[in-house]
Every structure is written in C-alpha cells, then in structure tokens.
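A look at the structure
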Amino acid sequence: MDAPAPPEAAGCCGSARACVFARALHARTASCTLASRRSLGEREVLECAAPVARLNCSTLAALLHERARFALKLPAPGHPMVHAQALRLHCGGLEALREAMQAGHADVHALVLAVHERHGSLTALPWEAIVRRLLQWAPRRRGGPPRAR
C-alpha cells in the first residue's frame, strides 16, 4: 500500500497533484496552461497536469519563501502561513518574477520555462530585485469607492 503524501506535498485540496500556485490562479493574478480545474464537494480545486512542472513550481515557491521569509515575516518552512501571507507571497512573487523576466504574460509554466532558458536555474534569478518588488504588492481593493452620506 502506498504511503500518504506529506502535507506540504498534498497542497490545499489533499491531492499530490494540487497546483502549488492555486491561490494566485484563483485570485486571477496569474494563469497556467497546465492547471486543470475540478470540483471537490462544493469547491473548485486546481491540479497540475505535469509532475515535472509541479516539481519546478514547488521549487520556485520554496525559493520565494526562503528569500522573502525575513522581509515578509513568514513562519519557518513546514509551519502554516496565514492566507494573506501566502497570497502575498505567491501573487506578489509571480508578478515580481514576471517583471524581472520582462514577460508580458503571467503564465506560471511559461515563466518557469523562460527562467530555465535564460538563467539555467531558478537560483540564478535576481532575487534581491524580486523580493523588493514582491514587498510592493498589495491585493486589489474590494468594492467601489465609498458612498457619500
């Protein structure tokens, strides 16, 4: 019998195929050509169609966490993050990566492929500039302008 996947590998929906950047995809700040949507009960989950691509995204997410941990005051790896912290890390990190790569699109898989093509490795990115830009990210404001009374 197969051993269950560790919690960090299972992601938010309990699947070993769970999309690493599902928060960013749900927030519509990024997209991915390899993400497939399916219903799980009353919610929608995103899963990655390619195990190698998921591993690359896991590596990118781990590097984002490692490099921005102090600046964003994130918990140690393996400890749960508050949703707002994870959203800022993933959405802001992907936006910062897109700007660093001067890409006009926010497709996660295409960005990772471009990084490997241009830099050879995710570790060779200009992390200082990426973290600096990540710190400037803020979520969209909900609702419209305040009503006059």
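Our subject in this report is the structure included herewith. Just so it is clear, the model here is predicted, and its values are computed rather than measured.

Turning to the environment of leucine 111, a few remarks are in order. Summarising the element assignment, leucine 111 is placed in helix 5 (residues 108-119). The exposure class assigned to leucine 111 is buried, which follows from its relative accessible area of 1%. Linking leucine 111 and leucine 94, residues 17 residues apart in sequence, is a C-alpha distance of 8.6 Å.

For the structure shown, the criterion picks out seven salt bridges. Arginine 133 serves as the salt-bridge partner of glutamate 95, at 2.4 Å between the closest nitrogen and oxygen. One end of the pair, glutamate 95, is in helix 4 (residues 83-100); the other, arginine 133, is in helix 6 (residues 127-135), with 38 residues separating them in the sequence. Accessibility expressed as a relative area gives 22% for glutamate 95, which makes it partly exposed. In this structure, glutamate 128 and arginine 132 form a salt bridge, with 3.3 Å as the shortest nitrogen-oxygen distance. Note that glutamate 128 and arginine 132 are positioned in helix 6 at a spacing of four residues, about one turn of the helix. With a relative accessible area of 48%, arginine 132 lands in the partly exposed category. Sharing partners across several salt bridges, the network here consists of Arg17, Arg38 and Glu47.

Okay, the packing of helix 4 against helix 5 next. Following both chains from N to C, one finds helix 4 and helix 5 inclined at 45°, their axes separated by 11 Å at the closest point. Relative to helix 5, the element helix 4 lies oblique. In this structure, the crossing between helix 4 and helix 5 has a hand that is left-handed. Residues Leu94, Leu97, Arg98 and Ala100 of helix 4 touch helix 5, and the partners they reach there are Val108, Leu111, Val115 and Arg118. Classifying every residue of the contact of helix 4 with helix 5 by side-chain character gives six nonpolar, no polar and two charged.

What counts, and at which threshold
For every chain, the first residue of its written sequence is number 1, and the numbers climb from 1 along that sequence. Only residues with pLDDT of at least 70 are given local features in this predicted model, and only at 80 or more are side-chain atom pairs given and counted; all residues enter the totals for whole chains, interfaces and linings. Heavy atoms from the whole structure form the basis of all side-chain values; hydrogens and water molecules are not counted. Helix and strand assignments come from DSSP, with helices taken as H or I runs of at least 4 residues and strands as E runs of at least 2, each series counted from the N terminus. When a residue's accessible area, from a 1.4 Å probe over protein chains only, is under 20% of the maximum for its type it is buried; when over 50% it is exposed; and in between it is partly exposed. Salt bridge, as used here: a side-chain nitrogen of Lys or Arg that lies within 4 Å of a carboxyl oxygen of Asp or Glu. Interaxial angles span 0 to 180 degrees and are taken between N-to-C directions of axes, which are lines fitted to C-alpha atoms, for helices over the stretch in contact. Each angle gets one of four labels, with under 35 degrees taken as roughly parallel, over 145 as roughly antiparallel, 65 to 115 as roughly perpendicular, and the rest as oblique. Two helices that cross are described as forming a left-handed crossing if the nearer one is turned anticlockwise from the farther one by less than a right angle, and a right-handed crossing if clockwise. What makes two residues a contact is simply this: any of their non-hydrogen atoms within 4.5 Å. Ten residue types, Ala, Val, Leu, Ile, Met, Phe, Trp, Tyr, Cys and Pro, are classed as nonpolar, four, Asp, Glu, Lys and Arg, as charged, and the remainder, Gly among them, as polar.

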